[in-house]
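Observations on the model geometry
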Amino acid sequence: MTRRILAILLMITLLPIAAAASDGVPKRSVVITGLDIDSMRVRLDEIDMQPLEGIWYYPNEEMTLGIERFRGLHNIGYRIILLDSPDIDLMPGTVIGYIASSAVDSKYQLWLYSQRSHLTLTKPLECVATLNAKATTLTFDPPHWKVKVRVNIARFLPTLFNGISVIPEKTGERLPIGFRKIYPEGGEGTPFNKVRYL
């Protein structure tokens, strides 16, 4: 009986978190055919770019990404597109995430797909991203919460002071990860702070 109550409490606690993480974001990624670094530059050169738009480098995964304005999803203003990656299973043009603006100019709601299903990506996870003042870095701190369930059958007056409690617990701080803009600011497709040999 106690295990059943624990399972129900855990499901009730985690269900809103899972639903909120992907609210309004497609469950599966799509692929925009014919899109690579060169064609993304052409697309960007033809528009009046916003600070968030451009070609970005994601050093943790050695990926080159494009961020462009996007219409079609409620409150989602941008999409993140894979342009180049050492992972040959991912096709250039794969949408790997979405970005929505917030009430704070430099803060954004960011969704990145977290799992692979054949040639598409699934399970978008949400985090908060911060664009620096020069619009050259977009950093985010991925969610790192765990749920701790505590059962105290020896608690005094358990009907009054619940013998079972579900406590979200934050784990240790980690250095934020993120993207560095390489076009138009970096020029020649060179990531910032990287020596370019001629």
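Residues numbered from 1 in each chain as written. Predicted model: local features only at pLDDT ≥ 70, side-chain atom pairs only at ≥ 80, totals over all residues. Heavy atoms only, no water.

Some points on the pairing of strand E3 (residues 78-84)
Put simply, the test is: Exposure categories follow from relative accessible area, calculated using a 1.4 Å probe and restricted to protein chains: below 20% of the type maximum is buried, above 50% is exposed, and the middle band is partly exposed. Numbering of helices and strands runs from the N terminus, with a helix taken as a DSSP run of H or I at least four residues long and a strand as a DSSP run of E at least two residues long. Paired strands, as defined in this entry, are two strands with at least two bridges between them according to DSSP.
Taken across its 7 residues, E3 has 6 buried, putting it largely inside the fold. Here E3 pairs with strand E4 (residues 95-101) via 4 bridges, running antiparallel. When the bridges of E4 are listed, Ile80 appears paired with Gly97.

Points about unusual backbone geometry
Residue Pro184 is reached from Tyr183 by a cis peptide bond, and omega for that bond is 10 degrees. Among the secondary structure elements, Pro184 is positioned in the segment after strand E10 (177-183). Its identity is not glycine, yet Lys123 carries a phi of approximately 55 degrees, on the positive side. Mapped onto the elements of the fold, Lys123 is located in strand E6 (residues 120-131). Positive phi values are uncommon outside glycine, yet Ala135 reaches one of about 60 degrees. Structurally, Ala135 can be placed in the loop between E6 and strand E7 (137-140). By relative accessible area, which is 9% here, Ala135 ends up buried.

Considerations on a nonpolar patch on the surface
Threshold: For patch building, the residue pool is restricted to those with more than 30% relative accessible area and no salt bridge; the joining distance is 9 Å between like charges and 5 Å between nonpolar side chains (Val, Leu, Ile, Met, Phe, Trp, Tyr). Method for areas: the Shrake-Rupley scheme with a 1.4 Å probe, in which residue coverage is limited to the protein chains shown. What counts as a salt bridge is simple: a side-chain nitrogen of Lys or Arg found within 4 Å of a carboxyl oxygen of Asp or Glu.
Residues Val31, Met91 and Leu119 make up a contiguous nonpolar surface patch of about 250 Å² in total accessible area. As for its placement among the helices and strands, Leu119 is situated in the loop between strand E5 (107-117) and E6.

Digging into the packing of aromatic side chains
Each aromatic ring pair is characterised by the separation of its centres together with the angle its planes make. We apply this condition: Working definition: rings of Phe, Tyr and Trp (its six-membered ring) pair if their centres are within 6.5 Å, and the pair is stacked with planes under 30 degrees apart, edge-to-face with planes over 60 apart, and tilted otherwise.
Evaluation of the coordinates by the stated rule reveals 5 aromatic pairs. Where Tyr58 meets Phe140, the ring centres are 6.2 Å apart and the plane angle is 55 degrees; that geometry is what we call tilted. Highlighted residues: Tyr58 in strand E1 (residues 54-58) and Phe140 in strand E7, separated in sequence by 82 residues. With a centroid separation of 5.4 Å and an interplanar angle of 70 degrees, the aromatic rings of Phe140 and Phe179 are classed as edge-to-face.

Topic: the sheet that holds E10
Note: strands within a sheet are paired through backbone hydrogen bonds, in either parallel or antiparallel orientation. What counts is decided by this rule: Each axis is a line fitted through C-alpha atoms, taken for helices only over the stretch in contact, and angles between the N-to-C directions span 0 to 180 degrees.
Sheet architecture is closed into a barrel: 8 strands sit in the order E1-E2-E3-E4-E5-E6-E7-E10, paired in antiparallel fashion. Taken over all neighbouring pairs, the strand axes of this sheet differ in orientation by 35 degrees on average, direction set aside. Here E7 pairs with E10 via 4 bridges, running antiparallel. For Leu138, the partnering residue across the bridge sits in E10 and is Phe179.

Observations regarding the confidence of the model for the chain
What counts, and what does not: pLDDT expresses how confident the predictor is about each individual residue, on a scale running from 0 to 100. The criterion used for residue contact is that any of the two residues' heavy atoms lie within 4.5 Å.
Per-residue confidence for the chain gives a mean pLDDT of 77; residues scoring 70 or more make up 64%. pLDDT under 50 marks residues 5-22. Its contacts with residues more than four places away, or in other chains, come to 19 contacts. Across residues 187-196, confidence stays below pLDDT 50; counting only partners more than four residues off in sequence or on other chains, it has 16 contacts.

Quick look at the side chain of Ser29
With respect to the helices and strands, Ser29 occurs in the loop between helix H1 (2-21) and helix H2 (37-45). On the basis of relative accessibility, which here comes to 5%, the residue Ser29 falls in the buried class. Beyond its immediate stretch of four places on either side in the chain, Ser29 contacts Thr94, Val95, Tyr113, Thr120 and Leu121.

A closer look at the pattern of salt bridges
Scanning the entire structure with this criterion turns up 5 salt bridges. Residue Glu68 is joined to Arg79 by a salt bridge in which the shortest nitrogen-to-oxygen separation is 2.8 Å. Placement of Glu68 in strand E2 (residues 63-69) and of Arg79 in strand E3 is noted, with a sequence separation of 11 residues between them. Of the two residues, Glu68 and Arg79, both sit in the buried class.

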